[in-house]
Amino acid sequence: MELWNSTLGSAFILVGILNDSGSPEVVCATITVLYLLALTSNGLLLLAITMEARLHVPMYLLLGQLSLMDLLFTSVVTPKALADFLRRENTISFGGCALQMFLALTMGGAEDLLLAFMAYDRYVAICHPLKYMTLMSPRVCWLMVATFWILASLTALGHTMYTMHFPFCMSWEIRHLLCEIPPLLKLACADTSRYELIIYMTGVTFLLLPISAIVASYTLILFTVLHMPSNEGRKKALVTCSSHLTVVGMFYGAATFMYVLPSSFHSPKQDNIISVFYTIVTPALNPLIYSLRNKEVMGALRRVLGKYVLLAHSTL
């Protein structure tokens, strides 16, 4: 089979869910609404956490990082997918594909580790409240932030470089919403079985360790909550933790499907649906799950928006 040279001048064709859908206009409108919702909700949450001094605590710093990741993650994929559909132009350059893969893997890997750190934060806050400001000091918190960004970006860089070094066949069509490892390996004209095993082992490690930390944290939290004398304290702790567990379930479910299940379980249609879920749906829902059930966040958001409204009126 003839090979083509993978250079910066070469191009792939992204055949995502918009092109494979029976009702592309409806899907396009839905994705547009979800993207605008993700931009608005994450932007407002970031604004509230940045501007409101009461939210300058580790829990909300980590939540702000989650909103930042969701904003970046969905913006790496959605605008191009919508623009390609409207222009009827689905090509992406070799360099653009590599960049999109690197950014998507970085955001996914960083969120994977962030959710584990958020579980640890809740464990310390509920199980060791008197030691909270020591165990979750600003220095420790920023060290966590640096850790998940650096580890995620280095892992993403390694996987991107290795994936893109394969020779690809004359079939340039990536039957996927974005450039990701599994659909790209299907186009490779080389034996990728060993690399697929490495991806599987990396995926299991990257997912298993954080999930183990999350399960351990919430097991200890549950024991502590059940022994709380105050019904109000018990309810508040359960509401906060249930929000986090909802986000954890959505993220790890999609990640497990894409990077842990063997390729025989995958089909282009299923992969496209899952990719829409974690790149578009989840970033739109995450801030709503956290903010709508959190009185502190909603109160801070009202105060911040109120200040901007008063400022706008005073300048008129």
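None of these values were measured; they are calculated from a predicted model.

Visitor: Outline the overall build of the chain, supporting the account with residue identities and numerical values.
Guide: Looking only at helices and strands, the chain has eleven helices and five strands in total. Looking at the 316 residues of the chain, the share that counts as buried comes to 48%. Considering only residue pairs separated by 6 or more positions, the chain has 78% of its internal contacts joining residues 24 or more positions apart. Only carbon and sulfur atoms are counted for the fraction: they give 71% of the accessible area of the chain, which is about 15,700 Å².

Visitor: Could you give me a rundown of the packing of helix 2 (residues 24-51) against helix 3 (residues 58-87), with the residues and numbers involved?
Guide: Packing of helix 2 against helix 3 brings their axes to within 9 Å, and their N-to-C directions diverge by 155 degrees. When the axis of helix 2 is compared with that of helix 3, the two are roughly antiparallel. In this structure, the crossing between helix 2 and helix 3 has a hand that is left-handed.

Visitor: Account for the packing of aromatic side chains, naming residues and giving values.
Guide: Summed over the entire model, instances satisfying the criterion amount to ten aromatic pairs. Seen in terms of ring centroids, F12 and F94 are 6.3 Å apart; in terms of plane orientation they differ by 25 degrees. Their pairing is stacked. Placement of the pair is F12 in strand 2 (residues 11-14) and F94 in helix 4 (residues 94-127), with a sequence separation of 82 residues. Residue class for F12 comes out buried when judged on its relative accessible area of 0%. Its relative accessible area of 11% is what places F94 among the buried residues. Ring centres of Y120 and Y123 lie 6.3 Å apart, and the angle between their planes is 40 degrees; this geometry places the pair in the tilted category. On the criterion of helical spacing, the pair formed by Y120 and Y123 is a turn pair, its members being three residues apart in helix 4.

Visitor: Please give an account of the nonpolar core that cites residues and values.
Guide: Membership of the largest hydrophobic core comes to 49 residues, with the highest contact counts inside it found for L63, L115, M118, I214 and I221. The set of elements that each furnish at least two residues to this core consists of helix 2, helix 3, helix 4, helix 6 (138-164), helix 8 (193-226), helix 9 (231-259), helix 10 (268-291) and helix 11 (295-315). The element best represented in this core is helix 4, accounting for eleven residues. Apart from residues no more than four positions distant in its own chain, L63 is found in contact with L45, I49, M118 and Y290. In this structure, F73, A156, F168 and Y278 belong to the second largest nonpolar core, which totals 47 residues.

Visitor: Break down the sheet that holds strand 3 (residues 91-93) for me, with residues and values.
Guide: In a beta sheet, neighbouring strands pair by backbone hydrogen bonds and run either parallel or antiparallel. Strands sit in the order 3-2-5 across an open sheet of three strands; the sheet is mixed. The open sheet has two free edges, formed respectively by strand 3 and strand 5 (173-174), since each of these has just one partner strand. Alignment of strand 2 against strand 5, held across two bridges, turns out to be parallel. Paired with L14 across the bridge in strand 5 is I174.

Visitor: Could you give me a rundown of the environment of F257, with the residues and numbers involved?
Guide: Structurally, F257 is set in helix 9. We classify F257 as buried; its relative accessible area is 16%. Remark: the alpha-carbon pair of F257 and I274, spanning 17 residues in sequence, is separated by 8.0 Å.

Visitor: Describe the packing of helix 3 against helix 10, naming the residues involved and giving the relevant values.
Guide: Between helix 3 and helix 10, whose axes approach to 9 Å, the crossing angle comes to 155 degrees. Classified by the angle between their axes, helix 3 and helix 10 sit roughly antiparallel to one another. Read as a crossing pair, helix 3 and helix 10 show a hand that is left-handed. Counting all contacts with helix 3, which are made through L63, L66, D70, F73, T74, V77 and T78, the residues of helix 10 involved are Y278, T279, I280, P283, N286 and Y290. The residue makeup of the contact of helix 3 with helix 10, split by class, is eight nonpolar, four polar and one charged.

Rules of the game
The numbers attached to residues start from 1 for each chain and follow its sequence in the written order. Reporting of local features is limited, given that this is a predicted model, to residues whose pLDDT is at least 70; pairs of side-chain atoms are given and counted only at 80 or more, and all residues count toward the totals for whole chains, interfaces and linings. Values shown for side chains rest on all heavy atoms present in the structure; no hydrogens or waters enter the calculation. Secondary structure elements are defined from DSSP: runs of H or I of at least 4 residues count as helices, runs of E of at least 2 residues count as strands, and each element is numbered from the N terminus. Classification of residues uses two cut-offs on accessible area relative to the type maximum, computed with a 1.4 Å probe and protein chains only: under 20% is buried, over 50% is exposed, and between them is partly exposed. Any two residues whose heavy atoms approach within 4.5 Å are treated as being in contact. All accessibility values rest on the Shrake-Rupley procedure with a 1.4 Å probe; residue burial counts only the protein chains present in the view. Orientation is described by axes fitted as lines to C-alpha atoms, over the contacting stretch for helices, and by angles from 0 to 180 degrees between their N-to-C directions. Roughly parallel means an angle under 35 degrees; roughly antiparallel means over 145; roughly perpendicular covers 65 to 115; every other angle is labelled oblique. Note on convention: near helix rotated counterclockwise from far helix by under a right angle means a left-handed crossing. Clockwise means right-handed. Two rings belonging to Phe, Tyr or Trp (six-membered ring only in the last case) form a pair when the distance between their centres is within 6.5 Å. Interplanar angles under 30 degrees mark stacking, angles over 60 mark edge-to-face geometry, and anything in between is tilted. To form a nonpolar core, buried Ala, Val, Leu, Ile, Met, Phe, Trp, Tyr and Cys residues must be joined to one another through side-chain atoms within 4.5 Å. When DSSP locates at least two bridges between a pair of strands, those strands are taken to pair. Under the grouping applied here, Gly and all other residues not named as nonpolar or charged are polar, the nonpolar ones being Ala, Val, Leu, Ile, Met, Phe, Trp, Tyr, Cys and Pro and the charged ones Asp, Glu, Lys and Arg.

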